[in-house]
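What the coordinates show
This is what each chain is made of:
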Amino acid sequence: MLNRRHIRVKVMQSIYAMHQHQGENLDKEEKFLFQSIDNMHDLYLLMLAALIEIREKEEEYLELASKKHLATKEERNPSKKFVENKVLKLLSESTSLNKAIEERLINNWKRNDDVVLFLLEAIKACGLYEKYMLSNETTFTNDKNFIADLFTDVIAPNDKLYDYLEEHKLTWLDDLPSVNTLILKQLNQIKEADNDFIIAKLYKDIEDKEFVKNLFRKTVLNETELSKEYIDKTPNWDSERIAEIDTIILKMAICELLKFPSIPVKVTINEYLEIAKEYSTPKSSIFINGILDNLIKDFQKDNRLSKAGRGLL
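Residues numbered from 1 in each chain as written. Predicted model: local features only at pLDDT ≥ 70, side-chain atom pairs only at ≥ 80, totals over all residues. Heavy atoms only, no water.

Things to note about the overall build of the protein chain
Test applied: Helix and strand definitions here come from DSSP, where helices need a minimum of 4 consecutive H or I residues and strands a minimum of 2 consecutive E residues; each element is numbered from the N-terminal end. Any pair of residues with heavy atoms lying within 4.5 Å of one another is described as a contacting pair. The method behind every accessible area is Shrake-Rupley, applied with a 1.4 Å probe, and residues are considered shielded solely by the protein chains displayed. The charged-residue count follows a simple rule in which Lys and Arg add positive charge and Asp and Glu add negative charge, with His and chain termini not counted at all. Charged side chains are reduced to one point each, which is NZ for Lys, CZ for Arg, CG for Asp and CD for Glu.
Along its length, the protein chain carries 16 helices and 0 strands. Oriented by its inertia axes, the alpha-carbon framework of the protein chain measures out at about 85 × 40 × 35 Å. Here the analysis covers contacts within the protein chain between residues at least 6 apart in sequence; of these, 82% occur between residues at least 24 apart. Accessible surface computed for the protein chain: about 17,200 Å², of which carbon and sulfur atoms make up 48%. Taking the 46 positively charged and 54 negatively charged side chains of the protein chain as two groups, their mean positions are separated by 4 Å.

Listed below in structure tokens is the structure:
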């Protein structure tokens, strides 16, 4: 779930937050960093839980409507195609998914069912739903494609959902695109023979989790040393006027270049330039690229750029 770029962004945000509130307790700040990453997994479970809750709300509605004193013929015998959707049922009945939701106390939709009802209303109003309900096709593939399209076109971009997530936890907005992309990928990979839903791991492997800790600690503990590397390379820039995000990005990039021998130089450069484009000023990536380009030449000249492995330079 968590790729290396997302890890770098999380570390950058944590260092920035640390600067803003002048935090000095490294263990405490590191704990907050890992908590922020854990929150990303909660968002993943929350989005999946939304699909489960949408189905349950519709099932409850059909049940209540059928028992009305003056129920119409359609209400007494409603189409249950949506609530019987094979993918939605798989999610609802998934032992591993429901266990994870319970363990992480993901009960947001129980306490905020207005968001779920709004999503359900949006679903029923869309052409995808109408076309699906009118179709006589009842194959697993048709059910899967419908849910994937519904998630892409109606649920993921929903403004009401977006507003709720922003209000509940601001850091989720950065995580949402990655989480939604992962969920869509998983929805498309579900097979009819599956009897459970496989929960995605937060980290690809233990090395990625160690990378979080090492990048954060090595950057923070060596900030003064790292800043000295680039300060002489910015004669036309007042150090006080360089955007703080840019200084953090520079320190992290230099830290990777000098203290992470297994990470290729090109990977480091490309990753931080992309992060600068997304999180800093319009000219930041050009500025950072120029500084790093000059530093790399100096590091190579002074034999300070030690990379282990074939093709890492």
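Some thoughts on the packing of helix α4 (residues 86-93) against helix α9 (residues 140-155)
Keep this limit in mind: Structural elements are reduced to axes, namely lines fitted to C-alpha atoms, with helices fitted over the stretch in contact, and the angle between N-to-C directions of any two is expressed from 0 to 180 degrees. Oblique is the label for every angle not falling under 35 degrees (roughly parallel), over 145 degrees (roughly antiparallel), or within 65 to 115 degrees (roughly perpendicular). The nonpolar class holds Ala, Val, Leu, Ile, Met, Phe, Trp, Tyr, Cys and Pro. Asp, Glu, Lys and Arg form the charged class, and all remaining residues, Gly among them, are polar.
Relative orientation of the contacting elements α4 and α9 amounts to 75°, with a least axis distance of 7 Å. Comparing their axes, α9 and α4 come out roughly perpendicular. Between α4, through Lys86, Val87 and Leu88, and α9, the contact on the second element is made entirely by Phe140, Asp143, Lys144 and Ile147. Here the contact of α4 with α9 is built from residues that sort into 4 nonpolar, no polar and 3 charged.

Brief notes about the packing of aromatic side chains
Operational definition: Ring geometry is summarised as follows: Phe, Tyr and Trp rings, the Trp one being its six-membered ring, pair when their centres sit within 6.5 Å, and such pairs are stacked at plane angles under 30 degrees, edge-to-face over 60 and tilted between the two. Throughout this description, buried means an accessible area under 20% of the type-specific maximum (1.4 Å probe, protein chains only), exposed means over 50%, and partly exposed covers the range between.
Under the definition given, this model contains 5 aromatic pairs. On the basis of an interplanar angle of 65° and a centroid distance of 5.7 Å, the ring pair of phenylalanine 82 and tyrosine 129 is categorised as edge-to-face. Placement of the pair is phenylalanine 82 in the loop between α3 (73-76) and α4 and tyrosine 129 in helix α8 (residues 127-134), with a sequence separation of 47 residues. In terms of burial, phenylalanine 82 and tyrosine 129 fall into one category: buried. Where phenylalanine 211 meets phenylalanine 260, the ring centres are 5.6 Å apart and the plane angle is 80°; that geometry is what we call edge-to-face. Highlighted residues: phenylalanine 211 in helix α12 (residues 206-221) and phenylalanine 260 in the loop between α14 (244-259) and α15 (265-279), separated in sequence by 49 residues. Phenylalanine 260 carries the same exposure label as phenylalanine 211, and that label is buried.

Describing the nonpolar core
General note: in soluble globular proteins, nonpolar side chains tend to be found buried as a group. Note the threshold: By convention a nonpolar core is built from buried Ala, Val, Leu, Ile, Met, Phe, Trp, Tyr and Cys residues, the set being connected through side-chain atoms within 4.5 Å.
One finds Val11, Tyr44, Met47, Phe82, Trp109, Leu165 and Leu292 to be the most contacted residues of the largest nonpolar core, which totals 98 residues. Broken down by element, the residue count for this core peaks at 17 residues, all from helix α2 (residues 26-66). The residues touching leucine 165, leaving out its near neighbours within four places in the chain, are Leu43, Leu46, Met47, Leu170, Trp172 and Leu176.

Some thoughts on the pattern of salt bridges
What counts, and what does not: The salt bridge definition used is simple: a Lys or Arg side-chain nitrogen within 4 Å of an Asp or Glu carboxyl oxygen.
Here the structure, examined in full by the defined rule, presents 22 salt bridges. Between lysine 110 and glutamate 53 there is a salt bridge, with its nearest N and O atoms 2.9 Å apart. In this pair, lysine 110 is assigned in helix α6 (residues 108-111) and glutamate 53 in helix α2, connecting sequence segments 57 residues apart. What makes lysine 110 exposed here is its relative accessible area of 57%. Salt-bridge contacts for lysine 124 lead to glutamate 58; the nearest nitrogen and oxygen are separated by 2.7 Å. Taken together, the residues lysine 124 in helix α7 (residues 113-124) and glutamate 58 in helix α2 connect sequence positions 66 residues apart. Under the relative-accessibility criterion, glutamate 58 is labelled buried at 4%.

Examining the layout of surface pockets
Test applied: Any residue with an atom within 4 Å of a point lines the site, the site being either a cavity, points on a 1 Å grid over the protein atoms alone where a 1.4 Å probe fits but cannot get out, or a pocket, an open set with protein on both sides within 12 Å along at least 5 of 7 lines. Grid points are joined across faces, edges and corners, and a volume is the space filled by probe spheres set on the points.
Roughly 260 Å³ of volume is contained in the largest pocket. The wall of the largest pocket is formed by Lys10, Gln13, Ser14, Ala17, His21, Glu29, Phe32, Leu33, Gln35, Ser36, Asn39 and Thr171. Only α1 (4-20) and α2 provide two or more residues apiece to the lining of the largest pocket. The leading source of residues in the lining of the largest pocket is α2, at 6 residues. Of the residues belonging to the lining of the largest pocket, the class tally is 3 nonpolar, 7 polar and 2 charged.

A few points about empty space enclosed by the protein
Gaps between atoms show up when a probe of the same size as a water molecule is rolled over them. All chains considered together, the criterion is met by 1 cavity of 30 Å³ or more. In this model, the largest cavity occupies a volume close to 30 Å³. Together, Leu51, Ile54, Phe82, Leu88, Ile123, Ile147, Leu150 and Ile155 line the largest cavity. Those elements giving two or more residues to the lining of the largest cavity turn out to be α2 and α9. Looking at side-chain class alone, the lining of the largest cavity contains 8 nonpolar, no polar and no charged residues.

Remarks on the side chain of asparagine 142
Quick note on the threshold: Under the rule applied, a polar contact is a pair of N or O atoms within 3.5 Å (in protein, one hydrogen donor and one hydrogen acceptor; residues adjacent in sequence only if both atoms are side-chain atoms).
As for its position among the elements, asparagine 142 is in helix α9. At 3.4 Å, the side chain of asparagine 142 forms a polar contact with the backbone oxygen of glutamate 137. Ignoring anything within four residues of it in the chain, the contact list for asparagine 142 reads Lys81, Tyr132, Ser135 and Glu137.

Taken by themselves, the reported measurements are silent on function.
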